[in-house]
Amino acid sequence: KALASSAYTAKGEDLDVQPAPAVQMETGFEDFYSHLPGLEQITLDSASRLSPKPIPLADPVGEPGNEDINPTAGTTTTCVVTSSADSGSGSLRQCLVSAASGDTINFDPTVFPASNPKTIAPSSDLPHITQGHITIDASEAGVILDGSNVPASSNVWAQGGLILHSDGNTIMGLQIVRFQGQGVKIEGSSSNVIGGDRSLGSGLLGQGNLISGNGVQGININEISGNNVVEGNLIGTDVTGAHNLGN
């Protein structure tokens, strides 16, 4: 009832074979395996074959060497804007700050009625969208994003209502007006969608945006951006499309 192996050490051209220390078994293979860490649940069946039972895996979170494991990685959430205030709980600014890639921001239609849009008036630049794959969807509500209270910086070309520094974002259903710089700026990124189908959604323009009265441009897409889509928007007009608001 002993298990032995051999260790080999080279001596010049000769090979010296030395027995390794034996492992003494008390009751056979069952006892041997019962002394191996992590194999306590392996047993021997009647035919003397190893029959493993499931061994629960330890939760890696919190174990040394696994500090970077995020148990919520890959999940997405929807942040609902419930306040027209510039900041604080339920505000658009707070949703932009807390958003992670893949998240959606939409608007409570009881606070922002589709037929009677309500205004959000930021007093400073909104956070730039750097996470990627963020959807801002006001197509079922009435939301005016009015930048007339945002002070002009020394470089208004760098300012705007919503500035995208990442790929795969969607902005739809908003009225983006009176910002010092651009209404929407896409900076060095791709596969973004500004607008959509105006027949979808209960808002005045459906998935389309109204982008008018901004100081520099309605939509600025710089030359190193690509594969971006702009559709279903009214740019430089009122919601009827009949009156010129400039841009």
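Residues numbered from 1 in each chain as written. Predicted model: local features only at pLDDT ≥ 70, side-chain atom pairs only at ≥ 80, totals over all residues. Heavy atoms only, no water.

S.K.: Please explain the overall build of the protein as it appears in this structure.
M.R.: Counting its secondary structure elements, the protein contains 2 helices and 20 strands. When the 247 residues of the protein are sorted by exposure, 36% land in the buried category. Taking the contacts inside the protein whose residues are at least 6 apart along the sequence as the reference set, 66% of them involve residues at least 24 apart. Accessible surface computed for the protein: about 13,600 Å², of which carbon and sulfur atoms make up 52%. (Helix = DSSP H or I, 4+ residues; strand = E, 2+ residues; numbered from the N terminus. Buried < 20%, exposed > 50% of the residue type's maximum accessible area, 1.4 Å probe, protein only. Contact = heavy atoms within 4.5 Å. Areas by Shrake-Rupley, 256 points an atom, 1.4 Å probe, with all protein chains shown as cover.)

S.K.: Explain the sheet that holds strand β10 (residues 135-137) to me, please; I cannot follow it from the model alone.
M.R.: In a beta sheet, neighbouring strands pair by backbone hydrogen bonds and run either parallel or antiparallel. Strands sit in the order β7-β8-β10-β13-β16-β19 across an open sheet of 6 strands; the sheet is parallel. Edge positions in the sheet fall to β7 (78-81) and β19 (229-231), since each has one partner strand and no second. Across the sheet, the mean angle from the axis of one strand to that of its neighbour is 10°, orientation sign disregarded. As defined by bridge partners, strand β13 (residues 170-172) adjoins strand β16 (residues 193-195) across 2 bridges and the pair is classed as parallel. Residue Ile171 lies in a different strand from β16, and its bridge partner there is Ile194. (Pairing = 2+ DSSP bridges. Axes fitted to C-alpha atoms, helices over the stretch in contact; angles between N-to-C directions.)

S.K.: It is not clear to me how a nonpolar patch on the surface should be interpreted in this structure. Could you clarify?
M.R.: Taken together, the side chains of Ile221, Val230 and Ile235 present a nonpolar region at the surface, about 230 Å² in accessible area. Turning to its location among the elements, Ile235 is positioned in strand β20 (residues 234-235). (Patch = residues over 30% accessible without salt bridge, like charges linked within 9 Å, V, L, I, M, F, W, Y side chains within 5 Å. Salt bridge = Lys/Arg side-chain N within 4 Å of Asp/Glu carboxyl O.)

S.K.: Help me understand the sheet that holds strand β9 (residues 118-120) in this model?
M.R.: Taking strand neighbours across the sheet as the criterion, the 5 strands line up as β9-β11-β14-β17-β20 in an open arrangement whose pairing is parallel. Unpaired on one side and paired on the other, β9 and β20 mark the two borders of the sheet. Looking at chain direction, strand β11 (residues 143-146) and strand β14 (residues 174-177) are connected through 4 bridges and run parallel. Bridging across to β14, Asp146 finds its partner in Val177.

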